[in-house]
Amino acid sequence: MQKGYIFMANISILGLGAMGLALARCLLERGHAVTVWNRTAGKAGSLIARGAREATVAADAIAASDATLICVLDYAAVGSVIESAGSALAGRALINLTNGTPAQARATAKRVAELGASYLDGGIMATPPMIGGEHALVLYSGSKGAFDAHLDSLESLGAAKYLGADAGLASLHDLALLSGMYGVFAGFFHATALVDSEGIRASSFLELLHPWMTAMI
């Protein structure tokens, strides 16, 4: 790709919670044509003002684009959307950024394939304000063809890491990375509570803890 060239794509976003809104805003800022849908109406106003189009049903949003990102509450909601969309998925790519388990991702990939679509499962290793920033990372697994075809758009959201054809790998690594993070946080809180029990301030203890942890890592 030539320097300075901006790839513009038609992309749909299903689900306008905090993360879905962040994904849509980021893609609009990068110049992509974005169609949005949310189960509960009334959340797309700020996106429409930025140039997004709103679909009244999920199937219409999917039909408007070659690739659709779905980021909803859980896999039960994902399944409901997929079943309602039905034949609208055929020939398109569904990129699921909803948190779940490897088994749920694999079952969803199977169902999407039955409907004639390609499937990518994703794990967003970022908070909504981080989307599009230098520290945002999104893990993907599933259809390599879909990943390659839409890589330019996916990299608008953050660094895009493809983990393999097994659709469950993104969810697996997402859960493993979160486990590592929460373990570190728990250890930090326990350590500072321990010294605090003897009247030592956490800020003073960090002078020892930070270099120690850095060395161990």
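For every chain, the first residue of the written sequence is number 1, and numbering continues from 1 along that sequence. Two thresholds apply to this predicted model, a pLDDT of at least 70 for residue-level local features and 80 or more for giving and counting side-chain atom pairs, whereas whole-chain, interface and lining totals are computed over all residues. Heavy atoms throughout the structure, all of them, feed into the side-chain values; hydrogens and water do not.

Things to note about the nonpolar core
Put simply, the test is: Nonpolar core, defined: a set of buried Ala, Val, Leu, Ile, Met, Phe, Trp, Tyr and Cys residues in which side-chain atoms within 4.5 Å join the residues together. Classification of residues uses two cut-offs on accessible area relative to the type maximum, computed with a 1.4 Å probe and protein chains only: under 20% is buried, over 50% is exposed, and between them is partly exposed. A run of DSSP states H or I qualifies as a helix once it reaches four residues; a run of E qualifies as a strand once it reaches two. Both are numbered from the N-terminal end. What makes two residues a contact is simply this: any of their non-hydrogen atoms within 4.5 Å.
Counting residues in hydrophobic clusters, the biggest one holds 35 residues, and the most contacted among them are Ile13, Leu23, Val36, Leu69, Leu97, Ile131 and Tyr140. Taken together, the elements giving at least two residues each to this core come down to strand E1 (10-14), helix H1 (18-29), strand E2 (33-37), strand E4 (67-70), strand E5 (93-96), strand E6 (118-125), strand E7 (137-142) and helix H6 (144-149). Sequence-distant contacts of leucine 23, defined by excluding residues within four places in its chain, comprise Ile13, Cys71, Leu97, Ile124, Ile131 and Leu157. Membership of the second largest hydrophobic core comes to 23 residues, among which are Leu14, Ile70, Ala105 and Ala109.

A few points about the pairing of E5
Heads up, the rule is: Should DSSP find at least two bridges between two strands, the strands are taken to pair. Orient the strands so they point away from the viewer; a crossover is then right-handed if the path from the first strand over the helix to the second runs clockwise.
Of the two faces of E5, the one holding Ala93 and Ile95 and the one holding Leu94 and Asn96 are both buried throughout. Summarising the sheet, E4 and E5 pair through four bridges and their orientation is parallel. Residue alanine 67 lies in a different strand from E5, and its bridge partner there is alanine 93. At this point the chain moves from E4, through helix H4 (residues 75-85), to the parallel E5, and the crossover so formed is right-handed. Relative to E6, E5 runs parallel, the two sharing four bridges. Looking across to E6, one finds that alanine 93 is bridged to serine 118. Of the crossover connections in this fold, the one passing from E5 over helix H5 (residues 102-114) to the parallel E6 is right-handed.

Re the pattern of salt bridges
Note the cut-off: By convention in these notes, a salt bridge is any Lys or Arg side-chain nitrogen within 4 Å of a carboxyl oxygen on Asp or Glu.
Tallied over the entire structure, the rule returns seven salt bridges. Glutamate 29 is the partner of arginine 30 in a salt bridge, and the nearest nitrogen-oxygen pair spans 3.8 Å. Of the residues examined, glutamate 29 reaches a relative accessible area of 55% and is grouped as exposed. Residue glutamate 83 pairs with arginine 111 through a salt bridge whose shortest N-O separation is 2.8 Å. Taken together, the residues glutamate 83 in helix H4 and arginine 111 in helix H5 connect sequence positions 28 residues apart. Note on glutamate 83: relative accessible area 46%, which makes it partly exposed. In this structure, a network of salt bridges that share partners links the residues Glu83, Lys110, Arg111 and Glu114.

What about empty space enclosed by the protein?
Definition in use: We place a 1 Å grid over just the protein atoms. Points where a 1.4 Å probe fits but has no way out form a cavity, open points with protein on both sides within 12 Å along at least 5 of 7 lines form a pocket, and any residue with an atom within 4 Å of a point lines it. Grid points are joined across faces, edges and corners, and a volume is the space filled by probe spheres set on the points. Only Asp, Glu, Lys and Arg are considered charged, only Ala, Val, Leu, Ile, Met, Phe, Trp, Tyr, Cys and Pro nonpolar, and every remaining residue, Gly among them, polar.
In total, this model carries one cavity of 30 Å³ or more according to the counting rule given. The space that makes up the largest cavity amounts to roughly 50 Å³. In terms of lining, the largest cavity is formed by Ile11, Leu27, Ala67, Leu69, Ile95, His150, Ser153, Leu154 and Leu157. For the lining of the largest cavity, the elements supplying multiple residues, two or more each, are E4 and helix H7 (151-154). Grouping the amino acids of the lining of the largest cavity by side-chain chemistry returns seven nonpolar, two polar and no charged.

As for the packing of aromatic side chains
Stated formally: Only rings of Phe, Tyr and Trp enter the pairing, Trp through its six-membered ring, and a pair is recorded when the two centres are within 6.5 Å. The plane angle decides the type: under 30 degrees is stacked, over 60 is edge-to-face, the rest tilted.
Counting across every chain of the model gives three aromatic pairs. Note on tyrosine 140 and phenylalanine 147: the rings are 5.7 Å apart at their centroids and 55 degrees apart in plane angle, and the pair reads as tilted. With relative accessibility at 0%, the residue tyrosine 140 sits in the buried group. Ring-pair connections join several aromatic residues into one group, and the members of that group are Tyr140, Phe147 and Tyr162.

What to know about H5
Test applied: To estimate the expected span of a helix, count its residues, drop one, and scale the result by 1.5 Å. Note that the arc is computed from the directions linking the helix axis to the C-beta atoms.
Its 13 residues place the ends of H5 19 Å apart at the C-alpha level, agreeing with the 18 Å of an ideal helix rising 1.5 Å per residue. Among the residues making up H5, those that are buried are Pro102, Ala105, Thr108, Ala109 and Val112. End-on, the buried residues of H5 take up no more than an arc of 125 degrees, which puts them together on one face. More than 90 degrees from the buried face of H5, the exposed residues found are Ala103 and Lys110. Buried residues along H5 sit against H4, E5, E6 and helix H8 (169-196). Immediately downstream of H5, the backbone of glycine 116 shows phi near 85 degrees, a positive value.

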